[in-house]
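# Architecture and fold: a report
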Amino acid sequence: MGRLVTGAVTVAMVGAGCGHQPDTSLHPDPPNTHYAQLRHPFKNATLYVDTKTAAARWQAVHRADWLDPITSQPQARWLNGPKDLAKVPRLVSHARDRGELPVFVAYYIPNRGCTDFKQGAPDTTAYNAYVRDLVDALGPVHSVIVLEPDATAADCYNLGRGKLLTHAVQALSKAGHSVYLDAGHARWRSTGEMATRLLQSGIAHAEGFAVNVANRQTTNESYRWGLELSDLTGDRDFVIDTSRNGTGPPPDDPKRDDEWCNPARQALGAAPQTTHQPHLAAFLWIKAPGESDGECGGEQTYLFSPTQARNLIAATRRLTQAQRAAAATASVAGP
């Protein structure tokens, strides 16, 4: 499998905000906030290629070369709880030896799914311990942390959660890591509302924020929205998750509320890479391509699904015809 050497790229964007009125609810008098100096971790960086992803393990067992368009690319490693921290020291050591920048997703906030504490840490004490253990596991290897997808955009967000996130941002940043607070996506919250929540959640101490994590909003719309949000949060940089947004969001169906869950129409987005676009630090594959959204759309798992991976690759127009055809005709049957 080929190893990606990440180079900077400038992506042509459509005219930002054509017919769109920016949400400037924090202007003309934004909060008087002191922002930490940006580290720009992606500048001249090569992103870490994780050879132990679920897709890579499945590929090795089944000798499925057709999966290369996914498994050869850098992807984030999700840390969904204390048990996931055990493998972090070895991963960051490997990344350091290869001169590559690892990207992690911290995903353990209490009441993670707004379901009466059925998901995530049981309480703030457990979460603070998780953050301390994460800092210890990372050690001195400079890493990027995408902090808590959906946490600031969620309906159950409150000031208590904001304070907990602030503490996590400060702890990770003080330890030398670059934190990108998750900010939801362009069709969830207005930039004014999201800026307020990010300011309450420690964005001033973070490197920036993440847009479109695990979602399928287009790169153009995500970039426009991210620029507005950056303007309202001290010109912070941001990253866009392009792992599955190659065809944009699925069509809205008024008879359903789960169109987002393993939709029939989806494709890989732009490959992970750094960029020269103003305030856009990188395209990242934060959500693992091929991972099922849940028990829906013909799937019975939340884990890696070769069917989902096959569909993503076969529909990705930027790939060669041979790559697409290999995926389209591949067997995804188990052993």
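Just above, that's the structure.
Keep in mind it's a predicted model, so treat the numbers as computed, not measured.

### Some details on the sheet that holds strand β6 (residues 237-241)
- The eight strands lie next to each other as β1-β2-β3-β4-β5-β6-β8-β7, forming an open sheet whose pairing is mixed. Edge positions in the sheet fall to β1 (77-79) and β7 (273-274), since each of these pairs with one other strand and no more.
- Pairing geometry for strand β5 (residues 208-211) and β6, over four bridges, is parallel. Bridge pairing in β6 places glycine 208 opposite aspartate 237.
- Sheet strands in contact with helix α7 (residues 219-232) are β5, β6 and β8 (280-284), and its direction is about 155° off that of β6.

### Comments concerning the packing of helix α6 (residues 191-200) against α7
- Between α6 and α7, whose axes approach to 9 Å, the crossing angle comes to 50°. By the angle class used here, α6 and α7 are oblique. As for the relative orientation of α6 and α7, their crossing is right-handed in sense. For the pair formed by α6 and α7, the contact residues are Thr191, Gly192, Met194, Ala195, Leu198 and Leu199 on the first element and Trp225, Glu228, Leu229 and Leu232 on the second.
- Tallied by class, the residues present in the contact of α6 with α7 amount to seven nonpolar, two polar and one charged.

### Topic: the nonpolar core
- Counting 50 residues, the largest nonpolar core has Tyr127 and Leu147 as the members making the most contacts within it.
- Top element by residues in this core is helix α4 (residues 124-138). It accounts for seven residues.
- For leucine 147, the residues in contact, after removing those within four places along its chain, are Ala106, Tyr127, Leu165, Ala168, Val169, Leu172, Val179, Tyr180, Leu181 and Asp182.

### Some thoughts on the pairing of strand β4 (residues 178-182)
- Summarising burial for β4: five of the five residues are buried, a large majority.
- Neither face of β4 is exposed, since Ser178, Tyr180 and Asp182 on one face and Val179 and Leu181 on the opposite face are all buried.
- Summarising the sheet, strand β3 (residues 144-147) and β4 pair through four bridges and their orientation is parallel. Among the inter-strand pairings, isoleucine 145 is bridged to a residue of β4, identified as valine 179.

### Section: unusual backbone geometry
- Of note, glutamate 148 is a non-glycine position whose phi angle comes to about 55°, a positive value.
- You can see glutamate 148 is positioned in the loop between β3 and α5 (159-174).
- Overall, glutamate 148 belongs to the buried group, its relative accessible area being 1%.

### Some thoughts on the state of the cysteines
- Within the structure shown, the criterion is met by two disulfides.
- Linked covalently through their sulfurs, cysteine 114 and cysteine 156 form a disulfide whose S-S length is 2.0 Å. Across the S-S bond of cysteine 114 and cysteine 156 the torsion is about -70°, and the bridge reads as left-handed. One end of the pair, cysteine 114, is in the loop between β2 (103-106) and α4; the other, cysteine 156, is in the loop between β3 and α5, and 42 residues separate them in sequence.
- Given the relative accessible area of 31%, cysteine 114 is considered partly exposed.
- Put simply, cysteine 261 and cysteine 296 are joined by a disulfide, and their sulfur atoms are 1.7 Å apart. In this structure, the disulfide formed by cysteine 261 and cysteine 296 twists by about -60° around the S-S bond and is classed as left-handed. Of this pair, cysteine 261 sits in the loop between β6 and β7 while cysteine 296 sits in the loop between β8 and α8 (306-314); the two residues are 35 residues apart in sequence, bridging distant segments of the chain.
- Classification of cysteine 261 as buried rests on a relative accessible area of 6%.
- Judged by its relative accessible area of 11%, cysteine 296 falls in the buried class.

### Observations regarding the environment of arginine 224
- With respect to the helices, strands and loops of the structure, arginine 224 is situated in helix α7.
- What makes arginine 224 buried here is its relative accessible area of 15%.
- For arginine 224 and alanine 186, which are 38 residues apart along the polypeptide, the C-alpha to C-alpha distance reads 8.6 Å.

### A closer look at α5
- An ideal rise of 1.5 Å per residue puts 22 Å on 16 residues; α5 measures up with 22 Å between its terminal C-alpha atoms.
- Looking at the packing, one finds that the buried side of α5 touches α4, β3, β4 and α6.
- Its side-chain oxygen at 3.1 Å from the backbone nitrogen of glycine 160, asparagine 158 defines the N-terminal cap of α5.
- Among the residues trailing α5, glycine 176 stands out with phi positive, at a value near 100°.

### Considering the pattern of salt bridges
- According to the stated counting rule, one finds 12 salt bridges in the structure shown.
- Where arginine 197 meets glutamate 193, a salt bridge forms, and the shortest distance between an N and an O atom there is 3.1 Å. Remark: glutamate 193 and arginine 197 occur in helix α6; sequence separation between them is four residues, near one turn of the helix.
- A salt bridge links glutamate 221 to arginine 224, with the shortest nitrogen-to-oxygen separation between them at 3.8 Å. Here arginine 224 and glutamate 221 lie together in helix α7, a separation of three residues that amounts to about one turn. For the pair shown, glutamate 221 and arginine 224 are each scored as buried.
- Residues joined in a network through salt bridges with shared partners are Asp155, Arg189, Glu193 and Arg197.

Definitions and limits used
- Residues numbered from 1 in each chain as written.
- Predicted model: local features only at pLDDT ≥ 70, side-chain atom pairs only at ≥ 80, totals over all residues.
- Heavy atoms only, no water.
- Pairing = 2+ DSSP bridges.
- Helix = DSSP H or I, 4+ residues; strand = E, 2+ residues; numbered from the N terminus.
- Contact = heavy atoms within 4.5 Å.
- Axes fitted to C-alpha atoms, helices over the stretch in contact; angles between N-to-C directions.
- Parallel < 35°, antiparallel > 145°, perpendicular 65-115°, else oblique.
- Left-handed = near helix turned anticlockwise from the far one by under 90°.
- Nonpolar A, V, L, I, M, F, W, Y, C, P; charged D, E, K, R; others polar.
- Core = buried A, V, L, I, M, F, W, Y, C linked by side-chain atoms within 4.5 Å.
- Buried < 20%, exposed > 50% of the residue type's maximum accessible area, 1.4 Å probe, protein only.
- Disulfide = S-S within 2.5 Å.
- Expected span 1.5 Å × (residues − 1).
- Polar contact = N/O pair within 3.5 Å; in protein donor to acceptor, adjacent residues only side chain to side chain.
- Salt bridge = Lys/Arg side-chain N within 4 Å of Asp/Glu carboxyl O.

Shape descriptors only; they carry no functional weight alone.
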